[in-house]
Amino acid sequence: MNGYGGSILRVNLTTGQIKKEPTPADVARDYLGGRGFGIYYLLKEVPRGADPLGPENKMIISPGPLSGMLIPGGGKCDWTTKAPLTGGYAGSSMGGHFTAELKYAGLDSIILEGASQKPVYLFIDNDKIELRDAGEYWGKGSVTVEKMMKDKFGEEFQIAVIGPAGENMVSFAHINHDFGRQAGRGGVGAVLGSKKVKAVVVHGTKSVQVADMEAYRKAGMALYKACKDAEGLKEWTRYGTTIVTSWCNEVGALPTRNFSTGFFEGADGITGQTMRKKIVVTDKGCFGCPCPCGKYSKMNKYNSYVEGPEYETIGLFGSNLGIDDIEAVAQANLLCDDLGIDTITTGNVIGWAMECYEKGIFTKADTGGLELKFGNIEATFKMIEMISRKEGLGALLAEGVKRASKEIGRGSEKFAIHVKGMEQSAYETHNATAMLLAYMTCDVGAHHNRAWAITYDLQVGREKVTPEKVARVIWLQNFRPMFDVLGACRLQWVELGIDRDLYVPALEAITGIHRSWEDLDKVGDRIWNLTRLFWARENEGFGRTWDMPSPRFSEEPPKTGATKGQITSLENINLLLDMYYEQRGWDANGLPTPETLEKLRIPNEQFA
Ligand code: SF4
């Protein structure tokens, strides 16, 4: 098939059996690749009620038709599984160079199933595919192991690896690659840990057949030219996502002290400009990217290096913990990367614990003697280690804020900032109704990248609750994740503003099939509904209550900044959901109606 590697690799870790199956043409036609393949196999093959950390759960690793191709940012790989953090769908997109090697090894998905008795890693060098003993790597940090493996196999091998937190099945353990790119959210690293898979190592040299080489060359060049000509290229490349830090502080969206306000008085110490001046050594990008947003940093104070931090990490480990020192934030980033935990959830969960401590819910007896106050850098570093190793209070925090607050009680659920059990990423939403709705209805939990709607809020009036606003969120949710289906980065469209229609001829030249964005948006809508069905299938009583945000945003107005005194009322939160469900074709409890399933060609009985 044009644009595809041609094979699905199935690895049974229980039996050690490895086999290849031809990529089904109808699945490629209907689901395209990436997270489309992920949700297809998840619903089809993981039995209802499977323990996310049990052998019945599977990990589906998929490039898309644009992965590894000469288009800007064709370096995205999707990791889909049932999430240990939430018990729902997890689809996590990882950048870097891994996905291109998978494609050149002829693979459109790897399905990891079962569980190994002893630590192993999956080694792929074109058709040489083996499960190898990982004894010498188990227990070591992901940065250390990636370096060891690069030294052993060579630079051309790409490595995705878990840290000790993944081995310990911390519910928000991540997968690290390229010394700083992650499949970050939902606990995908814990699933690898439960299967005793330390790493996936891949190298491929096969060709990918394209439908029309000349048209492919032209369409690829047009995309690169649009990036090179973009007005924002210089600024974006200089700062990457950190460019928004000061803006967020100005508009009251920078999460501060566990999302109690959107204004941080120490923001100057953690802005993109400060970071560039103080710690950035060079820029670093993913496969084929003309606008590298990765920043490689040196922390003199700690004599260490890291790729990062990017904005989300700055928001959660900086302002959210009351830390105004960019070097300390970068060092926290490094600790999380090496130990193998998601920086967004970790910063959020430590923010919750700090608030518990300041309110007297935790004492020194709980924290192992740590003065767990906002702004305490050393206590933050220590907590990262304790979470990764599930030591002391770290064992509780390793469950995420939903389960931790339920266990502790004493009102701490009220300031546990999550949706569906996933901790909110770095936009404060007391009064940003589109962004709040985006978090409430996101298919993995309170994650920002499906519908980054905060600028739209500012554009049209942040407090407004209108059908147009809701429609915008839905449009973004259908469209933006399509990049995770195609296996490409969305940031060239988001940040450089290149015309999304430029991708249409590229996709056609590669696959030989014409698909307009209207067609692609329909695929996006279908996938969105399938992920919703997965949540409903796996969670008794799933529905509207699962879409509610933290009460903090409707009950506790910030005392500082641009959103001082402002909230989104419970009435407006429900109104947002009413409008959203209606526009999605869902019932009042937020479940797709039979008519919607029929319209989207979803065979209800297959997934029920
Ligand atoms: Fe990777 Fe950033 Fe380039 Fe996207 S913009 S491909 S995330 S380096």
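Residues numbered from 1 in each chain as written. Predicted model: local features only at pLDDT ≥ 70, side-chain atom pairs only at ≥ 80, totals over all residues. Heavy atoms only, no water.

## Things to note about the overall build of the protein
This is how it is decided: Each helix is a run of H or I in the DSSP string that is no shorter than four residues. Each strand is a run of E no shorter than two, and both are numbered from the N terminus. We compute the radius of gyration from the C-alpha atoms alone; for a globule the expected value is 2.2 Å times N to the 0.38, where N is the number of residues. Relative accessibility under 20% of the residue-type maximum defines a buried residue, over 50% an exposed one, and the middle range a partly exposed one, all with a 1.4 Å probe and only protein chains included. Note on contacts: a residue pair qualifies if any of its non-hydrogen atoms lie within 4.5 Å across the two residues. Note on areas: Shrake-Rupley, 1.4 Å probe, and residue coverage restricted to the protein chains presented here.
Check the secondary structure of the protein and you find 28 helices and 17 strands. Taken over C-alpha atoms, the radius of gyration comes to 22 Å for the protein, in line with the 25 Å a tight globule of 608 residues would show. Split into buried and exposed, the 608 residues of the protein put 66% on the buried side. In the protein, the share of contacts with a sequence separation of at least 24, taken over all contacts with a separation of at least 6, comes to 70%. Carbon and sulfur atoms make up 50% of the accessible area of the protein, which amounts to about 20,500 Å² in all.

## A short note on the domain arrangement of the protein
Note the following rule: Domain start and stop points were drawn from an automatic or database domain assignment. Buried area: the sum, over both parts, of the accessible surface (1.4 Å probe) that disappears when the two are put together. One side-chain nitrogen of Lys or Arg within 4 Å of one carboxyl oxygen of Asp or Glu is enough to make a salt bridge.
In terms of domain boundaries, the protein breaks down into domain 1 (7–203), domain 2 (232–423) and domain 3 (433–497 + 516–607). Computed from C-alpha atoms alone, the centre-to-centre distance between domain 1 and domain 3 is 27 Å. Listed per partner, the contact involves 36 residues of domain 1 and 29 residues of domain 3. Buried area between domain 1 and domain 3, both sides added, is near 2,700 Å², and the carbon and sulfur share of it is 60%. Three residues, R35, L43 and Y89, lead the burial of domain 1 against domain 3; their summed loss comes to 28% of the area buried on that side. At the surface where domain 1 touches domain 3, the tally comes to 2 salt bridges. For K82, the salt bridge goes to E538, with nearest N and O atoms at 2.7 Å.

## Notes on the site of the ligand
In plain terms, the rule: One heavy atom suffices: a residue is near a molecule or strand as soon as one of its heavy atoms comes within 4 Å of it. Basically, the charged four are Asp, Glu, Lys and Arg, the nonpolar ten are Ala, Val, Leu, Ile, Met, Phe, Trp, Tyr, Cys and Pro, and anything else, Gly included, counts as polar.
Near the ligand lie 13 residues; those nearest to it are R181, C286, C289, C293 and C489. Looking at the shell around the ligand residue by residue, the classes come out as 8 nonpolar, 3 polar and 2 charged.

## Quick look at the packing of helix α18 (residues 433–441) against helix α26 (residues 570–584)
What counts, and what does not: In this analysis, axes come from line fits to C-alpha atoms, helices being fitted only over the stretch in contact, and the angle between any two N-to-C directions falls in the range 0 to 180 degrees. For classification purposes, angles smaller than 35 degrees are called roughly parallel, those larger than 145 roughly antiparallel, those between 65 and 115 roughly perpendicular, and all remaining angles oblique. Two helices that cross are described as forming a left-handed crossing if the nearer one is turned anticlockwise from the farther one by less than a right angle, and a right-handed crossing if clockwise.
Running from N to C, α18 and α26 cross one another at 65°; their axes reach a closest spacing of 11 Å. Comparing their axes, α26 and α18 come out roughly perpendicular. Where α18 crosses over α26, the two elements pack in a sense that is right-handed. Side by side, α18 and α26 meet where T433, L436, L437, M440 and T441 of the first sit next to I573, L576, L577 and Y580 of the second. Residue classes in the contact of α18 with α26 are distributed as 7 nonpolar, 2 polar and no charged.

## Focus on the sheet that holds strand β1 (residues 7–12)
The line we're drawing: Here the rule is simple: two strands pair whenever DSSP picks up at least two bridges between them.
Strands sit in the order β2-β1-β6-β3-β4-β5 across an open sheet of 6 strands; the sheet is mixed. Each having just a single partner strand, β2 (18–22) and β5 (89–94) make up the two edges of the open sheet. The mean angle between the axes of side-by-side strands here comes to 20°, regardless of whether they run parallel or antiparallel. Bridge count between β1 and β2: 5 bridges; the pairing is antiparallel. Bridge pairing links L9 to K20 in β2. Its contacts with the sheet put helix α2 (residues 34–45) on β1, β3 (59–62), β4 (77–82), β5 and β6 (107–113), and the angle it makes with β4 is roughly 20°.

## A short note on the pattern of salt bridges
Counted by the stated rule, this structure contains 42 salt bridges. E45 serves as the salt-bridge partner of R10, at 2.7 Å between the closest nitrogen and oxygen. Within this pair, whereas R10 is found in strand β1, its partner E45 is found in helix α2, the two being separated by 35 residues in sequence. Side by side, R10 and E45 carry an identical accessibility label, which is buried.

## Digging into the state of the cysteines
Defined as follows: Cysteine sulfurs are considered disulfide-paired once they come within 2.5 Å of each other.
Considering all chains together, one arrives at 0 disulfides under this definition. With no disulfide of its own, C77 has C286 as its nearest cysteine by sulfur position, at a separation of 12 Å. In this structure C77 comes out as buried when scored by relative accessible area, which is 2%.

## Remarks on the sheet that holds strand β12 (residues 197–203)
What the 6 strands build is an open sheet, ordered β8-β7-β12-β9-β10-β11; its pairing is mixed. Looking at the sheet topology across the chains shown, the edges are occupied by β8 (128–133) and β11 (181–183). This sheet shows a mean twist of 20° between the axes of neighbouring strands, independent of strand direction. Relative to β12, strand β7 (residues 120–125) runs parallel, the two being bridged by 6 bridges. Residue pairing in the sheet places L122 in a bridge with V200 of β12.

## Considering the packing of aromatic side chains
How we decide: Two rings from Phe, Tyr or Trp (for Trp, the six-membered ring) form a pair when their centres are within 6.5 Å of each other. A pair whose planes differ by under 30 degrees is stacked, one over 60 is edge-to-face, and the rest are tilted. Lysine and arginine charges are scored as sitting over a ring when NZ or CZ, respectively, is within 6 Å of the ring centre and within 35 degrees of the ring normal.
Going through the model one piece at a time under the given rule, you end up with 28 aromatic pairs. Between W475 and F479, the aromatic rings sit 5.0 Å apart at their centres with planes inclined by 40°, giving tilted as the arrangement. Here W475 and its partner F479 are both found in helix α20 (residues 467–479), 4 residues apart, which amounts to about one turn of the helix. For F479, a relative accessible area of 0% gives the class buried. With a centroid separation of 5.3 Å and an interplanar angle of 85°, the aromatic rings of F483 and Y503 are classed as edge-to-face. Of this pair, F483 sits in helix α21 (residues 482–486) while Y503 sits in helix α23 (residues 503–511); the two residues are 20 residues apart in sequence, bridging distant segments of the chain. For the pair F483 and Y503, one class covers both residues: buried. Taken together, the ring pairs in this structure connect W475, F479, F483, W493, Y503 and W517 into an aromatic cluster. Seen from the ring of F123, R132 lies directly overhead, with NZ or CZ sitting 3.7 Å from the centre. Residue placement shows R526 over the ring face of Y31; its charged tip is 5.0 Å from the ring centre.

## Structural notes on the pairing of β4
Counting buried positions along β4 gives 6 out of 6 residues, so the element sits mostly inside the fold. Side chains C77, W79 and T81 of β4 all project onto a buried face; the interleaved residues D78, T80 and K82 project onto the opposite face, where all are buried too. Inspection of the sheet shows β3 paired to β4 by 3 bridges, in the antiparallel sense. For I61, the partnering residue across the bridge sits in β4 and is W79. Sheet analysis places β4 next to β5, joined by 6 bridges and oriented antiparallel. Following the sheet pairing, K82 is matched in β5 by Y89. Connecting β4 to the antiparallel partner β5 that follows it, the hairpin turn spans 6 residues, and G87 within it adopts a positive phi of roughly 80°.

## Let's talk about the environment of F259
Within the secondary structure, F259 sits in the loop between α9 (245–250) and α10 (272–278). Spatially, the C-alpha atoms of F259 and Q424 are 9.3 Å apart, while their sequence positions differ by 165 residues. In this structure F259 touches L316, N320, N348, I417, Q424, S425, Y427, E428, H430, R552 and F553, once residues within four positions along its chain are discounted.

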